[in-house]
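The lines below spell out each chain.
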Amino acid sequence: MPVPLPTSAADPDPRPIAPEEPGPNECCGSGCPLCVLDLYSDELQRYRIALAAWRLRHPEAES
């Protein structure tokens with residue numbers, strides 16, 4: 001007997017999720033080479049690029 005397919009499949013192209021902003025006390029202010037604020041900035045830039053590409057693929061999506 002065949003296995004029934006799920007009625008709803010997961011979205012194959014989900015909207016990108018914004019990175020979580022570091023809290024006010026997560027940066028120690030000592031000039032670490034991998035500061036959480038620098039890492040967040042990098043993640044935010046990648047998110048914005050991914051979101052812009054996703055919006056081009058999904059013009060019907062709300063802003």
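Preceding block: the structure.
Residues numbered from 1 in each chain as written. Predicted model: local features only at pLDDT ≥ 70, side-chain atom pairs only at ≥ 80, totals over all residues. Heavy atoms only, no water.

**Some points on the overall build of the protein**
And then number 1: Regarding its fold elements, the protein presents one helix and zero strands.
And then number 2: Of all 63 residues assigned to the protein, the portion counted as buried reaches 16%.
And then number 3: Long-range pairs, those at least 24 residues apart, make up 60% of the contacts in the protein between residues at least 6 apart in sequence.
And then number 4: Surface accessibility of the protein: about 5,600 Å² in total, with carbon and sulfur atoms responsible for 59%. (Helix = DSSP H or I, 4+ residues; strand = E, 2+ residues; numbered from the N terminus. Buried < 20%, exposed > 50% of the residue type's maximum accessible area, 1.4 Å probe, protein only. Contact = heavy atoms within 4.5 Å. Areas by Shrake-Rupley, 256 points an atom, 1.4 Å probe, with all protein chains shown as cover.)

**Here's the deal with helix α1 (residues 36–57)**
And then number 1: Look at α1: 31 Å from first C-alpha to last across 22 residues, which is about the 32 Å you get at 1.5 Å a residue.
And then number 2: Residues of α1 that are buried include every one of Y40, L44, Y47, L51 and W54, and no others. Down the axis of α1, the buried set is contained in an arc of 90 degrees. They therefore lie on one face. The exposed set on the far side of α1, more than 90 degrees from its buried face, consists of R46, I49 and L56. (Expected span 1.5 Å × (residues − 1). Arc of directions from axis to C-beta.)

**Some thoughts on the nonpolar core**
In summary, soluble globular proteins display a tendency toward joint burial of nonpolar side chains.
And then number 1: Judged by nonpolar contacts, Y40, L44, Y47, L51 and W54 together constitute the single largest core of five residues.
And then number 2: Once residues within four sequence positions are removed from consideration, L51 is found in contact with R15 and P16. (Core = buried A, V, L, I, M, F, W, Y, C linked by side-chain atoms within 4.5 Å.)

**With respect to the pattern of salt bridges**
And then number 1: In the structure shown here, the tally under the stated rule is one salt bridge.
And then number 2: Among the salt bridges present, the one from R57 reaches D13, with a minimum N-O distance of 2.8 Å. A residue pair is termed long-range when its members are at least 10 positions apart, and R57 in helix α1 and D13 in the segment before α1 qualify at 44 residues.
And then number 3: Given the relative accessible area of 47%, R57 is considered partly exposed.
And then number 4: Accessibility expressed as a relative area gives 21% for D13, which makes it partly exposed. (Salt bridge = Lys/Arg side-chain N within 4 Å of Asp/Glu carboxyl O.)

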